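# A structural walkthrough
Chain by chain, the residues run as shown.
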Number of protein chains: 2
Amino acid sequence: MTNTRILLARRPVGWVDESCFRIEPCPEPACGPEDVVVEAIWLSLDPYLRGRMNEGPSYAPGFAIGAPIVSRVVGRVRASRNARFAEGEFVWGFLDWALRTVVPRGEGLTRIDPTLGRPSLAISALGMPGLTAWIGAMALGRPRPGDTVYVSSAAGAVGQLAGQFARRAGARVVGSAGGPDKVAFVLERCGFDAAFDYKARDLDEALREHCPRGIDVYFDNVGGATLEAALRHANVGARFPLCGMISAYNATSDPGVKGLQLMVSKRIAMTGFIIYDHVHQLPAYQARVA
Amino acid sequence: MTNTRILLARRPVGWVDESCFRIEPCPEPACGPEDVVVEAIWLSLDPYLRGRMNEGPSYAPGFAIGAPIVSRVVGRVRASRNARFAEGEFVWGFLDWALRTVVPRGEGLTRIDPTLGRPSLAISALGMPGLTAWIGAMALGRPRPGDTVYVSSAAGAVGQLAGQFARRAGARVVGSAGGPDKVAFVLERCGFDAAFDYKARDLDEALREHCPRGIDVYFDNVGGATLEAALRHANVGARFPLCGMISAYNATSDPGVKGLQLMVSKRIAMTGFIIYDHVHQLPAYQARVA
């Protein structure tokens, strides 16, 4: 049995392709005293990783060329010399993209409570994406019954949950996503009130049609032209939680966002947030949502 | 004695010049039952009036071609057939730019309490500009002792007060203004800790020099390149009250604001506000600040 890992081979310029990565065999991890060996089952490929592939600082440190990609991984304990973790248990942590990884002293690993749901939920609805959606949609968006909430990247890990939370708070929820399959997923599986394919529609036309009473909360995942359109269709007093501007991640230049003066005339509040500021709320969130 | 008024002669494109206005004689106002005639003494020329000179909606209705310019005016009651106002009293209201105006039934006029200070303060520090500075700098900016507060348009009616309020709250206050006279005014008369001439300096260089510990509150009066620079120099968790984007008022195109993704990585909150939402707080504000 050989171990395998995925490295950053070169820094992407613009879009990422396979040439940015290298899959290579690597040593089988040795389990020293207090260590834990984890076998990866699910790994999370998140938009913020794009920033970490660049040179220079982002809110998380960058990856080095030739170093493994690290992200949220759910796995199973294969070997443990640590009293806190037993063989066979499900855990999650920020781990290398490798079949098997040694975690020194088990630091940063979290045991997954199997009674809360499927283990993979620890890196989706019951993990960071879920908490991100909750903080953005509920704490910053503050949807009221009857409000219209618009979510971009609505089929994404965060967007699909942001919409569902806002809908349970009594809001009418509209999503945009790229392509008919994602739109169908948002409508049929996530229960949004309306959704449209932003690649196939004029944004203003689609927002006029689906948000006829304007936008009260815009959960922004993409920035750019979508954020500009949301400003144009926003109601007075709208809240815009900014979760991450995917449109900027692969961009090699910044076209800027037009129409910010609408923030004054419409008294709009835009708030950027990062989930690492809110991690302490994760257990309470899991208990509430599970 | 003849009466005179100032009309909008044509809509400005870009910058405003004298050809946009016409000064013409007009009838002496007649004081009907319940009416009040006001003689203007001070009138306020505010940035937001630029928007009202355009076609199309802003947050205040537009001026018609050939109609008088209207703004905040302090004047003296010349004639009154209204029991609420006595001849000789100081009042303020949104009045035509005219030497003398009749105010039907005195509606919209406010008597000025002469014990609070000079009557002209009713349209400056004790009026809307003062309340605007207070709401933006204090309620939205929430400066803490030791914070760095940066105010653009710092010599303006609102900016000069925003800085002084933040300084009394214990913050270090830095202002920018156009030209050495305005910079001297901000430093010597308004007591800012530092100020610079944005026309003579590179913005990044000036902010690096005067805000060495970064910006915690940016009181934005201008938008555009200044807002972009403030984003670059902002600290994590910074608050940006947006008071009005003067740089956009005369612009014939919108270059957009670059770097908004910094709002996410730095968890910045930007909030647009308009003072008309807060007018009910004016008496309490006056009592506090006078």
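In every chain, residue numbers begin from 1 and rise along the written sequence. Both sets of labels track the order of writing: A upward for chains, 1 upward for ligands. The model is predicted, so local features are restricted to residues of pLDDT at least 70 and side-chain atom pairs to those at 80 or more, both for listing and for counting; the totals for chains, interfaces and linings are taken over all residues. By convention in this description, side-chain values take in all heavy atoms of the structure and omit both hydrogens and water.

### So, the relation of the copies chain B and chain A
Here chain B sits on chain A after a turn of 180 degrees about the axis and a move of 0.0 Å along it, with an RMSD of 0.0 Å. Read as a symmetry element, the transformation amounts to a two-fold axis. Note on definitions: a residue-residue contact is assigned when non-hydrogen atoms from the two residues lie within 4.5 Å. A shared binding surface is used by both copies, with 100% of the interface residues of chain B retained as interface residues in chain A. Copy-to-copy alignment: least squares on C-alpha atoms, limited to residues at pLDDT 70 or above in both.

### As for the environment of A:Arg167
Residues and elements named next belong to chain A. Per the convention used, a helix needs a DSSP run of H or I reaching at least four residues, while a strand needs a run of E reaching at least two, with both numbered from the N terminus. Looking at the secondary structure, you find Arg-167 in helix α3 (residues 157–168). Setting aside anything within four residues of it in sequence, one finds Arg-167 in contact with Val-173, Gly-191, Phe-192 and Asp-193. We call two N or O atoms a polar contact when they sit within 3.5 Å, provided that within protein one can donate a hydrogen and the other can accept it, with sequence-adjacent residues counted only if both atoms are side-chain atoms. Side-chain polar atoms of Arg-167 contact the backbone oxygen of Gly-191, separated by 3.1 Å. Among the polar contacts made by the side chain of Arg-167, one reaches the side chain of Asp-193 at a distance of 3.0 Å.

### Details of the pattern of salt bridges
Residues and elements named next belong to chain A. Salt bridge, as applied in this entry: a Lys or Arg side-chain nitrogen positioned within 4 Å of an Asp or Glu carboxyl oxygen. Overall, the coordinates contain 34 salt bridges over all chains when judged by the stated rule. With a shortest N-O distance of 2.7 Å, Arg-72 and Asp-46 are connected by a salt bridge. Of this pair, Arg-72 sits in strand β4 (residues 70–80) while Asp-46 is found in the loop between β3 (36–43) and α1 (49–52), placing the two residues 26 residues apart along the sequence. Overall, Asp-46 belongs to the buried group, its relative accessible area being 13%. Across the salt bridge formed by Arg-111 and Glu-89, the nearest N and O atoms sit 2.8 Å from each other. The rule is simple: take the accessible area with a 1.4 Å probe, protein chains only, and divide by the maximum for that residue type; under 20% is buried, over 50% is exposed, in between is partly exposed.

### Some words on the domain arrangement of chain A
All names here are of chain A. The split of the chain into domains comes from an automatic or database domain assignment. Structurally, chain A comprises domain 1 (3–117) and domain 2 (128–277). Domain 1 and domain 2 are separated by 30 Å when their C-alpha centres are compared. In this assembly, 11 residues from domain 1 lie in contact with 8 residues from domain 2. The term buried area means the drop in 1.4 Å probe accessible area that two parts suffer when joined, counted for both and summed. Taking both sides of the interface into account, the surface hidden between domain 1 and domain 2 amounts to around 880 Å²; carbon and sulfur atoms contribute 69%. Across the domain 1-domain 2 interface, the total number found is 0 residue pairs in polar contact (both at pLDDT 80 or more). Considering only residue class, the side of domain 1 that touches domain 2 consists of 8 nonpolar, 1 polar and 2 charged. Under this grouping Gly is polar, as are all residues other than the nonpolar Ala, Val, Leu, Ile, Met, Phe, Trp, Tyr, Cys and Pro and the charged Asp, Glu, Lys and Arg.

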